[in-house]
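# Structural characterization, general
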Number of protein chains: 2
Amino acid sequence: MKIAVDAMGGDHAPQAIVEGVMLARKEFPEMQFQLYGDETQIKAYLTDETNIQIIHTDEKINSDDEPVKAIRRKKQASMVLAAQAVKNGEADAIFSAGNTGALLAAGLFIVGRIKGIERPGLLSTMPVMGQTTGFDMLDLGANADNKAEHLVQYAILGSFYANNVRGITKPRVGLLNNGTEETKGSELTKKTFELLSSEPNIHFIGNVEARDLLNGAADVVVTDGFTGNAVLKSIEGTALNIVSLLKQSILDSGLKGKLGALLLKDALKGLKNEMDYAKYGGAVLFGLKAPVVKTHGSTGPEAVATTIRQIHAMLETKVVEKLVTQFEQKTSE
Amino acid sequence: MKIAVDAMGGDHAPQAIVEGVMLARKEFPEMQFQLYGDETQIKAYLTDETNIQIIHTDEKINSDDEPVKAIRRKKQASMVLAAQAVKNGEADAIFSAGNTGALLAAGLFIVGRIKGIERPGLLSTMPVMGQTTGFDMLDLGANADNKAEHLVQYAILGSFYANNVRGITKPRVGLLNNGTEETKGSELTKKTFELLSSEPNIHFIGNVEARDLLNGAADVVVTDGFTGNAVLKSIEGTALNIVSLLKQSILDSGLKGKLGALLLKDALKGLKNEMDYAKYGGAVLFGLKAPVVKTHGSTGPEAVATTIRQIHAMLETKVVEKLVTQFEQKTSE
């Protein structure tokens, strides 16, 4: 098992990346890590090179680079070299905490789509409040416009992921819609509902509303990339705002409030943990020939290690190979 | 100023509605209230009939009735009679806490669109965290599919509302998109961006992301009804989940947690108030010949009174008449 790591992507790179890789190395001694980036900087945080190979490059993609241009022009960038390694069969998966758009482009143009999958989707496991299991949602924004046929593929992709990587038997697939009734929806969701209802390979449970996602309305939620992106950002924005508002309210309420907050420390910590979806790993551009996984740019070593655990699960369960077989059958039918 | 009130709509009708009307009556002695519904039930909560007229009917629309069918078949329903009164010029606006879909249908089919407005949009004022002003967003789900031209009309409608009803000079209009860069978006948002950029009657500030809405990214946010509905429900669902999770965390953390919560009572109350968007009134189906306004089915008397205050502002500022003039000019251009 070989992972190509973009050591230079993310706000705290390469330190957080290197430290995360060292954490993961302890857990998975069978894994080989290829670290792409500035050798001197990487070595500064590396205790030893067991199971680690450094591939030096001076070039990197910045967070504000225009994605497609960056991939095409910065041919020696750490992210591009890592994607090339996957393409050439030198690595089995790629990890990055860098520019999301660039990683999506690298995934599509360098690693490549599985034959039969039209539009790979960005998938994340999101938290279900009060439960240890989460739900998988896609597309979270790899595409701005989707057809009903793409959403059906997302249902299959999501089911494979939930079943293999998260161990959920017969995952319940829900279609994000503006009402739960069968007749509800836009032209896109109405057509998708019809197609999903007659799709034999998934367990379709009908429409789900955005309000019920965090309550575990489904194990897999499919939607077009534009809506998925808006919903994800709404959830993030609301959660962040409430937490910062709560902090402000506590500060404003003087000594009494501060004492109260001190007593509530454990409860607030529990809340933070429930809401933390870095605990499920990163976002996968799913539908490609190999795992292409992205974590938040701001993540620390722990989240890097969690994401590598997620990649390990994807490789061990051979979820991508199973998808290839599934879609080969489909296309030859 | 005459308001047609559907006294039978909502979970706590007619009590909450009647009590809310009595609160509003004190504030606005110039307003006449027509209460449509069961006379005996209404009278049970009415102290006296000053400025109040009861129009008795046995029929009402239930929350689970199919909207368009209900409007067509239940011709004597309190909501239908109230909408008819507006159509016939016997009332200036309609208020209901009942079936949202039915009220939208009653608005469209009975009250009717302003000439030149293709698709009226559902508008709500939502809270901006830490500020007393909110932002107006539309369409929140009156339509499942929208064209770019509709979104341009929403920008004009929203600007008129923010300016007249909320007193905001030159309201900043943002287009909800999956990135802030000009080049971002779906086919719909890219086309809308182009049209909004050359629209003289609004102050367009570009794309806004769902993550930044509650931070006050714009005074008016326009989007298609499908996305708007998903974003609204995501915000609601996330807020409700966090609050109930916080409560659960406090309960689980024993005596210490409960004491902490007691000390934090004021802070938590402040948080609840910040998040409460009933304080801005109800949702307006905007673009019709008269104000058609809906509050949450679960609202109590206070929220009913707040919504009547909102209707009062709409009537007093003549925002609908101004829209009629604006769109008449447009269509005759």
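The written sequence of each chain sets the order in which its residues are numbered from 1. Chains and ligands are labelled by the order in which they are written, letters from A for the one and numbers from 1 for the other. Where local features are concerned, this predicted model is filtered to residues with pLDDT of at least 70; where side-chain atom pairs are given and counted, the filter is 80 or more; whole-chain, interface and lining totals use all residues. Only hydrogens and water are removed before side-chain values are computed, so all heavy atoms of the structure are retained for them.

## A closer look at the domain arrangement of chain A
Residues and elements named next belong to chain A.
- Domain annotation for chain A reports domain 1 (1-117 + 287-333) and domain 2 (122-279).
- Where a domain begins and ends is set by an automatic assignment or by a domain database. Centre-to-centre, using C-alpha coordinates, domain 1 lies 25 Å away from domain 2.
- Any two residues whose heavy atoms approach within 4.5 Å are treated as being in contact. With 17 residues of domain 1 at the contact, the number on the domain 2 side is 14 residues.
- Throughout, the accessible surface (probe 1.4 Å) given up by two parts as they are put together, summed over both, is called the buried area. Carbon and sulfur atoms make up 67% of the surface buried where domain 1 meets domain 2, a total of about 1,400 Å² over both sides.
- It is Leu104, Val319 and Gln326 in domain 1 that bury the most area against domain 2; as a group they hold 27% of the surface buried on that side.

## Section: the packing of aromatic side chains
- Geometry of aromatic contacts follows a simple scheme: Phe, Tyr and Trp rings, the Trp one being its six-membered ring, pair when their centres are within 6.5 Å, and the pair is stacked under 30 degrees between planes, edge-to-face over 60, tilted otherwise. This model, assessed by the stated rule, comprises four aromatic pairs over all chains.
- Ring geometry for phenylalanine 193 of chain A against phenylalanine 204 of chain A: centres 5.2 Å apart, planes inclined by 75 degrees, an arrangement best described as edge-to-face. Here phenylalanine 204 of chain A lies in strand E8 (residues 203-208) and phenylalanine 193 of chain A lies in helix H7 (residues 187-197), a separation of 11 residues in the sequence.
- Phenylalanine 193 of chain A gets classed as buried once you look at its relative accessible area, which sits at 12%.
- Exposure remark for phenylalanine 204 of chain A: the relative accessible area of 18% places this residue in the buried category.
- On the basis of an interplanar angle of 90 degrees and a centroid distance of 5.5 Å, the ring pair of tyrosine 161 of chain B and phenylalanine 286 of chain B is categorised as edge-to-face. With tyrosine 161 of chain B in helix H6 (residues 148-164) and phenylalanine 286 of chain B in strand E10 (residues 283-286), this pair connects stretches of sequence that are 125 residues apart. Here the two residues tyrosine 161 of chain B and phenylalanine 286 of chain B agree in accessibility, since each one is buried.
- Here the guanidinium or amino end of arginine 72 of chain A rests over the ring plane of phenylalanine 109 of chain A, the centre of that ring lying 5.4 Å away. Helix and strand definitions here come from DSSP, where helices need a minimum of 4 consecutive H or I residues and strands a minimum of 2 consecutive E residues; each element is numbered from the N-terminal end. For each residue, the accessible area found with a 1.4 Å probe, counting protein chains only, is set against the maximum for its type, and the residue is called buried under 20%, exposed over 50%, and partly exposed in between. Either the NZ atom of lysine or the CZ atom of arginine qualifies as a charge over a ring when it sits within 6 Å of the ring centre and within 35 degrees of the ring normal.

## Some remarks on the pattern of salt bridges
- A pairing counts as a salt bridge when a side-chain nitrogen of Lys or Arg comes within 4 Å of a carboxyl oxygen of Asp or Glu. Summed over all chains, the structure comprises 20 salt bridges over all chains.
- Between arginine 166 of chain A and aspartate 136 of chain A there is a salt bridge; the shortest N-O distance is 2.8 Å. Remark: aspartate 136 of chain A occurs in strand E6 (residues 134-138) and arginine 166 of chain A occurs in the loop between helix H6 (148-164) and strand E7 (172-176); sequence separation between them is 30 residues.
- Here lysine 233 of chain A and glutamate 209 of chain B are joined by a salt bridge, their closest N and O atoms 2.2 Å apart. Residue lysine 233 of chain A is located in helix H8 (residues 225-252), and its partner glutamate 209 of chain B is located in the loop between strand E8 (203-208) and strand E9 (220-222); the two belong to separate chains.
- Judged by relative accessible area, lysine 233 of chain A falls into the buried class, the value being 9%.
- A residue is classified by how much of its surface remains accessible, and glutamate 209 of chain B, at 11% relative accessible area, is buried.
- Counted as one network, the salt bridges with shared partners bring together Glu39, Lys43 and Glu49 of chain A.

## Thoughts on helix H1 (residues 15-27) of chain B
Residue and element names in this part refer to chain B.
- Here H1 is 13 residues long and its end C-alpha atoms lie 19 Å apart, about the 18 Å a rise of 1.5 Å per residue gives.
- Turning to H1, its buried residues number three or more, namely Ala16, Ile17, Val18, Gly20, Val21, Met22, Ala24 and Arg25.
- Next to the buried residues of H1 lie strand E1 (2-6), strand E2 (32-37), helix H2 (39-43), strand E3 (52-56), strand E4 (93-96) and helix H11 (301-316). Multiplying 1.5 Å by the residue count of a helix minus one yields the expected span of that helix.

## Section: the interface of chain A and chain B
- Contacts between the two partners involve 49 residues from chain A and, on the opposite side, 49 residues from chain B.
- Summing both sides of the interface, chain A and chain B together bury roughly 4,400 Å²; the carbon and sulfur share of this comes to 70%.
- Summed over the three residues of chain A that lose the most area to chain B, namely Arg211, Phe226 and Leu263 of chain A, the buried surface amounts to 16% of that side.
- Our count for the contact surface shared by chain A and chain B stands at four salt bridges.
- Put simply, arginine 211 of chain B and glutamate 236 of chain A hold a salt bridge, and the shortest N to O gap is 3.2 Å.
- The term polar contact refers here to a pair of N or O atoms within 3.5 Å; inside protein, the definition further demands a hydrogen-donor-capable atom paired with an acceptor-capable atom, and it admits residues adjacent in sequence only when both atoms are side-chain atoms. Along the contact surface separating chain A from chain B lie 10 residue pairs in polar contact (both at pLDDT 80 or more).
- Elements with a minimum of two residues in the side of chain A that touches chain B: H7, H8, helix H9 (254-263) and helix H10 (265-275) of chain A.
- If one sorts the elements of the side of chain A that touches chain B by residue count, H8 of chain A sits on top with 18 residues.
- The nonpolar class holds Ala, Val, Leu, Ile, Met, Phe, Trp, Tyr, Cys and Pro. Asp, Glu, Lys and Arg form the charged class, and all remaining residues, Gly among them, are polar. Looking at the side of chain A that touches chain B residue by residue, the classes come out as 22 nonpolar, 18 polar and nine charged.

## Section: the packing of H8 of chain A against helix H10 (residues 265-275) of chain B
- Here an axis means a line fitted to C-alpha atoms, over the contact stretch when the element is a helix, while the angle between two N-to-C directions is reported on a 0 to 180 degree scale. As a packed pair, H8 of chain A and H10 of chain B sit with axes 8 Å apart at the nearest point and diverge in direction by 140 degrees. In this view, H8 of chain A runs oblique relative to H10 of chain B, as classed from their interaxial angle. In terms of crossing hand, the pair formed by H8 of chain A and H10 of chain B is right-handed. From H8 of chain A, Ile242, Leu245, Leu246, Ser249 and Ile250 of chain A reach across to H10 of chain B, where they touch Ala267, Leu268, Leu271, Glu274 and Met275 of chain B.
- Residue composition of the contact of H8 of chain A with H10 of chain B, grouped by class: eight nonpolar, one polar and one charged. Here the angle decides the label: under 35 degrees means roughly parallel, over 145 means roughly antiparallel, 65 to 115 means roughly perpendicular, and every other value means oblique. When the near helix sits turned anticlockwise from the far one by under a right angle, the crossing is termed left-handed; a clockwise turn instead gives a right-handed crossing.

## Focus on the relation of the copies chain A and chain B
- The copies were overlaid by least squares, fitting only the C-alpha atoms of residues that reach a pLDDT of 70 or more in each copy. After a rotation of 180 degrees and a shift along the axis of 0.0 Å, chain A superposes on chain B with an RMSD of 0.0 Å. Considering both components of the superposition, the chain copies are consistent with a two-fold axis. Looking at the rotation axis and the C-alpha trace of chain A, the residue lying nearest is glycine 260 of chain A, at 1.9 Å.
- By residue overlap, the copies meet face to face through one surface: 100% of the interface positions of chain A are interface positions in chain B.

## Digging into the sheet that holds strand E1 (residues 2-6) of chain A
All names here are of chain A.
- One bridge is not enough; two strands pair if DSSP finds at least two bridges between them. Within the open sheet, the 11 strands sit side by side as E3-E2-E1-E4-E11-E10-E5-E6-E9-E7-E8. Their pairing is mixed. This sheet does not close on itself; its edge strands, each paired only once, are strand E3 (52-56) and E8. Taking the axes of each pair of neighbouring strands and ignoring which way they run, one obtains an average angle of 25 degrees across the sheet.
- One ladder, built from three bridges, connects E1 with strand E4 (residues 93-96); its direction is parallel. Of the residues in E4, the one forming a bridge with isoleucine 3 is alanine 93.
- Against the sheet, helix H5 (residues 100-111) engages E4, strand E5 (121-127), strand E10 (283-286) and strand E11 (292-294), with an angle of about 180 degrees to E11.

## Re unusual backbone geometry
- Alanine 13 of chain A connects to proline 14 of chain A through a cis peptide bond whose omega is -5 degrees.
- Of note, proline 14 of chain A is situated in the loop between E1 and helix H1 (15-27).
- That bond from leucine 138 of chain B to aspartate 139 of chain B is cis: its omega, 0 degrees, falls within 30 degrees of zero.
- Tracing the sequence through the fold places aspartate 139 of chain B in the loop between strand E6 (134-138) and H6.
- A positive phi angle, near 60 degrees, is found at asparagine 51 of chain A, a position not held by glycine.
- Counting through the fold element by element, asparagine 51 of chain A comes out in the loop between helix H2 (39-43) and E3.
- Residue lysine 318 of chain A is not a glycine yet carries a positive backbone phi of 50 degrees.
- Checked against the element boundaries, lysine 318 of chain A lands in the loop between helix H11 (301-316) and helix H12 (319-332).
- Looking at lysine 318 of chain A, the relative accessible area reads 47%, which means it is partly exposed.

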